[in-house]
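Observations on the three-dimensional arrangement
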Amino acid sequence: MRCVERSWWCEYAWLPEGPVAGVRVQVGHDGVIARVEGGALRHDDDSILAGLVLPGLANVHSHAFHRALRGRTHAEGGTFWTWRERMYALASRLDPDTYYDLAAAVYSEMALSGITCVGEFHYLHHGPGGARYGDLNAMSEALREAARFAGIRLTLLDTVYLSAGIGVPLEGVQRRFDDGDAEGWANRVCSMQDDETTRVGAALHSVRAVPADQLEDIVDAVTMDGGERRPLHVHLSEQAAENAACLASYGVTPTRLLADHGVLGPSTTAVHATHLTAQDIDLLGATRTTACICPTTERDLADGIGPARALADAGSPLALGTDQHALLDMLEEARALEMHERLSSGIRGRFELPELIRAMTTSGHAALGWPEAGRIAVGAPADLVCIRLDSVRTAGALPEQAVLAATASDVDTVVCDGRVIVADRYHQTAGDVAKLLTSAVSRCWRN
Ligand SMILES: [Zn+2]
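Residues numbered from 1 in each chain as written. Predicted model: local features only at pLDDT ≥ 70, side-chain atom pairs only at ≥ 80, totals over all residues.

**Re the domain arrangement of the chain**
Per the domain assignment, the segments making up the chain are domain 1 (4-55 + 380-427) and domain 2 (57-367). Spacing between the C-alpha centres of domain 1 and domain 2 amounts to 29 Å. Of the residues assigned to the side of domain 1 that touches domain 2, the class counts are 13 nonpolar, 4 polar and 4 charged. (Domains from an automatic or database assignment. Nonpolar A, V, L, I, M, F, W, Y, C, P; charged D, E, K, R; others polar.)

Okay, here's the thing in structure tokens:
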């Protein structure tokens, strides 16, 4: 039995069986939950969490630096591809210092919104023109430090990015992404170690950016002794143009291509999975590949609405990501998952509320390689997110339905690994996060 260091009494808490009133959560010195008791009276030394307490939220898909584009890309219409030009202009300006500043501010914003674990899909590896930094992993290490600053856990999804399109060499700012080939990427990444709050995973950017003959080397690189794999993420069929290029070059869909090269499986996450055939959905489901939907980004970039319900029915766990951070609000991602399905199907209640909670918590953490996290249960890291039920948005809502009414602004207290990182909506170590963001964003556009 763990020695208890601290205890909280939650007005309501979302336990594995659903929402329960009056829950005491006792946490050990190791930051792990030692005891959970429902229908409990408050003890004198308990800290009170007034509202609905969820497990820590997992943001499964992030490009932290895209946060500097928020509110700056809406003037001239366009498409995903014209948006990407703006993103590249930003990418060309960043160095390890500005990358750290931005990520530290963005991860602090995530903490304020209840995110206790983030998967960073990181491909900006090298200096201008592809010049190597003294520390080959300087940009990755900046992310590790940034997550530590914000007090949240990180899965570093270090990304292979080798071509501009199928058979098209990288050019301009894209040369900063280039490790030459899968072997070069693996040699760079293998020097990075896990630590208490960081796990090193991998990503292959997309079938546009990684030639098919490199895919199996990447799978080998993420396979550990004993056959278990580290998390492997991939952008999949976000745009119809990707499918067309893949069919033209390889004669198969991107999903089929990944399946044929052994990429799919329970430790793999397909991000977006928007434009899929019925066979693609079956392949993803049968292999238990997680689908990470990023609804607020997909609508912002006019990507389309993916077949999330069908993927879940086929067997794919669903996870959620804020991706480019047009918004940074996991409650909105979960709500949009359901609402976009309502718009496309004409039916309400396409997902049950426990499914939405799972997407934000247990499935998300599993996709990031933290399967022990994402639940309020003995043995799990003590990650607690308290949502007020007395705000102008949530007042009057049933606790069990409050996640469809609340926003990130209703997150009052956040505990990660037993440490209070946000109290009264204030970040305990980062301080004024709006100020940090303003400074980090203006610095990268000024340079
Ligand atoms: Zn992405």
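Back to the text.
**Some words on unusual backbone geometry**
One can expect most non-glycine residues to show negative phi and most peptide bonds to be in trans. Phi angles above zero are rare outside glycine, and H325 is one such case at about 60 degrees. Tracing the backbone shows H325 in the loop between β14 (318-320) and α11 (330-345). Judged by local crowding, H325 falls into the buried class, with 24 C-beta atoms found within 10 Å. Of note in this structure, R425 is not a glycine but carries a positive phi near 65 degrees. Examined against the element boundaries, R425 turns out to sit in the loop between β17 (419-423) and β18 (426-427). (Helix = DSSP H or I, 4+ residues; strand = E, 2+ residues; numbered from the N terminus. Buried ≥ 20, exposed ≤ 12 C-beta atoms within 10 Å, placed from the backbone.)

**Considerations on the nonpolar core**
V53, A103, Y107 and I152 are the most contacted members of the largest nonpolar core, which totals 141 residues. At 11 residues, helix α2 (residues 96-112) tops the list of elements feeding residues into this core. Here this core spans two domains, since at least three of its residues come from each of domain 1 (4-55 + 380-427) and domain 2 (57-367). (Core = buried A, V, L, I, M, F, W, Y, C linked by C-beta atoms within 7 Å.)

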